[in-house]
Amino acid sequence: MTTSPLTRTVVDIVGAPFHAIWSPEDGAIRAAGFATELDPDAESLTARLRSIDAGVAERGITDAAAAPGPVADPIADALLAYADGDVTAIDGLMVRQPETPFRGDVWRALREVPAGRAVTYTELAGLAGRPSAIRAAASGCANNLVALVVPCHRIVRSDGGLGGYLFGVDIKTRLLQHEGALQRELFSD
């Protein structure tokens, strides 16, 4: 059993600090999400990790920027490339989060939705292999611990509305604009 601390990488994406917590032994992202005005240090992300995967959270977390000497940080490299416009740069990142069989199917289906496209919760349920399980697919989005990389922001309501997003609809809008799924002028003030 690995007991070395997890690593936290923070990268600015669409004007907000994005936190990725990953295990250095395999490079898998264990939790990820945006800091918000109400949660500027993304403490809720650590709390969610602790409640969903307490054994992993017990390892503790060190900040990549605080590590002595040069640190190879492939997670930061991919996130920076994404932030700079290569919206496919995060597609190959490995993730690991506790899953039920259907939630795992939902999360794998989410990773198949390409940047620049948004699908409805109904379409997501179909992509996950259970077209009638719309609410369960929505629950899979809500319980996704690895936001952005498992792109729950690419799911919209069937009436054309954006729907909710744990880190706020403003960030969801900016992500969809960044990826080309929304035209900026439609959502500007």
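Source: prediction; values computed, not measured.

I'd love a proper account of the side chain of lysine 172, names of residues and values included.
Along the chain, lysine 172 falls in helix H7 (residues 169-179). The buried charged residue lysine 172 lacks any salt bridge partner; its closest oppositely charged side chain belongs to aspartate 159, at an N-O distance of 9.9 Å. A distance of 2.7 Å separates the side chain of lysine 172 from the backbone oxygen of isoleucine 155, its partner in a polar contact. Apart from residues no more than four positions distant in its own chain, lysine 172 is found in contact with His153, Ile155, Leu162, Gly163, Gly164 and Tyr165.

Quick one: what's the story with empty space enclosed by the protein, residue by residue and with numbers?
Scanning the entire structure with this criterion turns up one cavity of 30 Å³ or more. Taken as a whole, the largest cavity spans an internal volume of roughly 40 Å³. When grouped by side-chain class, the residues that make up the lining of the largest cavity number five nonpolar, no polar and three charged.

A description of the pairing of strand E2 (residues 16-23) should follow, citing residues and the corresponding values.
The element E2 is largely enclosed, with a buried count of seven among its eight residues. For strand E1 (residues 6-13) and E2, the ladder comprises seven bridges, and the chain directions are antiparallel. Its bridge partner being in E2, valine 11 is matched across the sheet by phenylalanine 18. What sits between the antiparallel neighbours E1 and E2 is a turn of two residues, in which valine 14 has the positive phi angle 45°. Pairing of E2 with strand E3 (residues 28-34), which is carried by six bridges, proceeds in the antiparallel orientation. When the sheet's bridge partners are listed, tryptophan 22 is paired in E3 with isoleucine 29. Once E2 ends, the chain turns through four residues before running back antiparallel as E3, passing glycine 27 with a positive phi of about 70°.

Pulling in residues and values, what's your account of the sheet that holds strand E4 (residues 61-63)?
The strand order E3-E2-E1-E4 describes an open sheet built from four strands, whose pairing is mixed. Looking at which strands have only one partner, the edges of the open sheet turn out to be E3 and E4. The average angle at which neighbouring strand axes cross in this sheet is 30°, direction not considered. Strand contacts of helix H1 (residues 43-52): E1, E2, E3 and E4, with the helix running at about 140° to E3, the strand carrying the most contacts. Against the sheet, helix H3 (residues 74-83) engages E1, E2 and E3, with an angle of about 15° to E1.

Kindly report on the packing of aromatic side chains, identifying the contributing residues and their values.
Taken as a whole and assessed by the stated rule, the structure comprises three aromatic pairs. When the ring of phenylalanine 34 is compared with that of phenylalanine 167, the centres are 5.9 Å apart and the planes differ by 65°; the resulting orientation is edge-to-face. Taken together, the residues phenylalanine 34 in strand E3 and phenylalanine 167 in the loop between strand E6 (155-156) and H7 connect sequence positions 133 residues apart. Each member of the pair, phenylalanine 34 as well as phenylalanine 167, carries the same accessibility label: buried. For the pair tyrosine 165 and phenylalanine 167, a centre-to-centre distance of 5.5 Å together with 70° between the ring planes defines the contact as edge-to-face. You'll find tyrosine 165 and phenylalanine 167 in the same group, each marked buried. Taken together, Phe18, Phe34, Tyr165 and Phe167 form an aromatic cluster joined through their ring pairs. Over the aromatic face of phenylalanine 102 sits the side chain of arginine 130, whose NZ or CZ is 4.4 Å from the ring centroid.

Rules and cut-offs
Residues numbered from 1 in each chain as written. Predicted model: local features only at pLDDT ≥ 70, side-chain atom pairs only at ≥ 80, totals over all residues. Heavy atoms only, no water. Helix = DSSP H or I, 4+ residues; strand = E, 2+ residues; numbered from the N terminus. Buried < 20%, exposed > 50% of the residue type's maximum accessible area, 1.4 Å probe, protein only. Lys, Arg positive; Asp, Glu negative; His and termini not counted. Salt bridge = Lys/Arg side-chain N within 4 Å of Asp/Glu carboxyl O. Polar contact = N/O pair within 3.5 Å; in protein donor to acceptor, adjacent residues only side chain to side chain. Contact = heavy atoms within 4.5 Å. 1 Å grid on protein atoms, 1.4 Å probe; cavity = no way out; pocket = protein on both sides within 12 Å on 5 of 7 lines; lining within 4 Å. Points joined across faces, edges and corners; volume = space filled by probe spheres on them. Nonpolar A, V, L, I, M, F, W, Y, C, P; charged D, E, K, R; others polar. Pairing = 2+ DSSP bridges. Axes fitted to C-alpha atoms, helices over the stretch in contact; angles between N-to-C directions. Phe/Tyr/Trp six-rings, centres within 6.5 Å; stacked < 30°, edge-to-face > 60°. Lys NZ or Arg CZ within 6 Å of the ring centre and 35° of its normal.

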